[in-house]
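Each chain is listed here by its residues.
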Amino acid sequence: MTGYNAKGDMATSNGNHRNGHCNGSSSNGNGTGDRQADDLAQENQTYPYEVIQEIADFIVKGAGMRPKIGIICGSGLGSLADIITDAKIFEYEKIPNFPVSTVEGHAGKLVVGHLEGAIVMAMQGRFHFYEGYPLAKCSMPVRVMKLCGVEYLFATNAAGGINPKYAVGDIMLMHDHVNMLGFAGNSPLQGPNDPRFGPRFPALVNSYNKDLINKALEIGKSMGIESNMHVGVYSCLGGPTYETIAELKALRMMGVDAVGMSTVHEVITARHCDMKVFAFSLITNKCSTEYSDMKDEEATHEEVMSVAKNRQKACCELVARLVREIQAES
Ligand SMILES: O=P(O)(O)O[C@H]1O[C@H](CO)[C@@H](O)[C@H]1O
């Protein structure tokens, strides 16, 4: 298989650059290198279609099944993959050309199997921009899902609640996002566009499938958690710092309800290749937008993980029941 390094460009020998950081070495292996070719390769952060196809083939062949629904587990929400039965598990390290997870709460495993009668594939561990990966690499697995046969993407995350009505442990169904990294000129679709994935200029106004949101609201009602469920706007910042009060204030003024460091680039990539998207945030901490509210407590990843652990049962039930409804319709 062709090897690609952290930037998605061609790697020197065996292609096993695993740490997500480009080592800056020459791609022609002669030590001095053809600078121009090297620079071009560095700029080209996209994975060629054929490489994505090879990864997808590896997974479908290894699993012996073709998934219809893809699930990305947020921080501390890896248990969403534990409810999958007859599972074939692929460690990221063992998947050719796949990045590795470096964040606690992201196990680094791809789980393919059965859930509520459907074949699903779940990522126990996503890739974040702050890990040093370019956005195209962070969301490359979404394209792998597409070429595996996935039609629906379920993206989940842990997020800070900016909307004052949100409480810790609430679930916010995403119906829109503010792409702050995009404001700064960064997109997973940067670079040459391959029309086999999608158009050069995809529209995002209908990114979050309304039918799936309505179904999830109904499920929430029947679970008795409707008062802990919201429909709102998520924004992804680059991280890894949690936000300042001034930043949170600005986000709130822009209409953002919950903030995190993920998901948006995955949704963009999924919509680009015409997948149906359902996404939710588990509110793991409250974000104050007022200096006067400042108490001693600050957001920590430990708190994020612990809240996610406490709410995993409700998140699993929501996901399982939504999968069941999709499966029942097909
Ligand atoms: O978005 P997920 O992966 O759920 O994780 C969230 O939790 C971490 C911070 O605690 C950040 O990575 C943030 O994005």
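Residues numbered from 1 in each chain as written. Predicted model: local features only at pLDDT ≥ 70, side-chain atom pairs only at ≥ 80, totals over all residues. Heavy atoms only, no water.

## What about the layout of surface pockets?
This is how the line gets drawn: Here a cavity denotes grid points, spaced 1 Å and computed from the protein atoms alone, that fit a 1.4 Å probe unable to get out, and a pocket denotes an open set having protein on both sides within 12 Å along at least 5 of 7 lines; residues with an atom within 4 Å of a point are the lining. Grid points are joined across faces, edges and corners, and a volume is the space filled by probe spheres set on the points. In this text, helices come from DSSP runs of H or I with a minimum length of four residues, and strands from runs of E with a minimum of two, each type numbered from the N-terminal end. Under the scheme applied here, ten amino acids are nonpolar (Ala, Val, Leu, Ile, Met, Phe, Trp, Tyr, Cys and Pro), four are charged (Asp, Glu, Lys and Arg), and all others, including Gly, are polar.
For the second largest pocket, the calculated volume is near 310 Å³. Around the second largest pocket sit 24 residues that line it, and Ser-75, Ala-158, Tyr-242, Met-261 and His-301 are the ones nearest its centre. Among the secondary structure elements, those contributing two or more residues to the lining of the second largest pocket are β5 (152-161), β8 (258-260), β9 (276-286) and α10 (301-310). Tallying contributions element by element places β5 first for the lining of the second largest pocket, with four residues. In the lining of the second largest pocket, the residues fall into eleven nonpolar, eleven polar and two charged.

## Looking at unusual backbone geometry
Cis geometry is adopted by the peptide bond preceding Pro-240, which originates at Gly-239 and carries an omega value of 0°. Positionally, Pro-240 belongs in the loop between β7 (229-236) and α8 (245-253). Positive phi outside glycine occurs at Asp-86, with the angle close to 50°. Along the polypeptide, Asp-86 turns up in strand β2 (residues 85-91).

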